[in-house]
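The residues making up each chain are set out below.
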Amino acid sequence: MNKIRKGDTVEIISGNYRGVSGKVLKVFPKERRLIVEGVNFIKRHTQPTQKNPQGGIVEREASIDISNVMLICPKCHTRAKVKIGKIEGGKRVRICKNCEEMIDM
Ligand SMILES: [Zn+2]
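Residues numbered from 1 in each chain as written. Predicted model: local features only at pLDDT ≥ 70, side-chain atom pairs only at ≥ 80, totals over all residues.

Of note, Arg-32 is a non-glycine position whose phi angle comes to about 55 degrees, a positive value. The partly exposed category is assigned to Arg-32, around which 13 C-beta atoms lie within 10 Å. One non-glycine residue with positive phi stands out, namely His-77, at about 60 degrees. With respect to the element layout, His-77 can be found in the loop between strand 7 (69–72) and strand 8 (79–80). Judged by local crowding, His-77 falls into the exposed class, with 11 C-beta atoms found within 10 Å. (Buried ≥ 20, exposed ≤ 12 C-beta atoms within 10 Å, placed from the backbone. Helix = DSSP H or I, 4+ residues; strand = E, 2+ residues; numbered from the N terminus.)

Here it is, written out as C-alpha cells:
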C-alpha cells in the first residue's frame, strides 16, 4: 500500500532537490513514482498548437521515485513515518508515528 497520496506535502530527501518540500501533484502507484510541485523540472519540446504556433520549450515537473520523498505530517509538520491503521467501520487511515495523529487517506 502506498502511503503517499495526491495532495500531500512531501520533502525531498535525496538528489538535487534535497530539502525542498512541495505538494504531490500526481502519483503513479505502479511505477512507484510521483510528481511534486516545483521539483525536478525538465525541459520539454512542445508541438506547435493554435495557442502557441511556434511550438517551443516548456519546463515541466518530471516524476521522481517515491523512495526519494518523505511525507510531511499536516498535523505536526515534521517528516513523518506513517503506519496504516483502521478506524471504526474498517476505513483505513494513515497514522503519523511522530504525533500519533490520523492523516486522511
Ligand atoms: Zn504528525
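On the basis of which strands lie adjacent, the open sheet formed by three strands has the order 9-10-11 and antiparallel pairing. Two strands bound the open sheet, and with one partner strand each, they are strand 9 (82–86) and strand 11 (102–103). (Pairing = 2+ DSSP bridges.)

So yeah, pure geometry; function would need other evidence.
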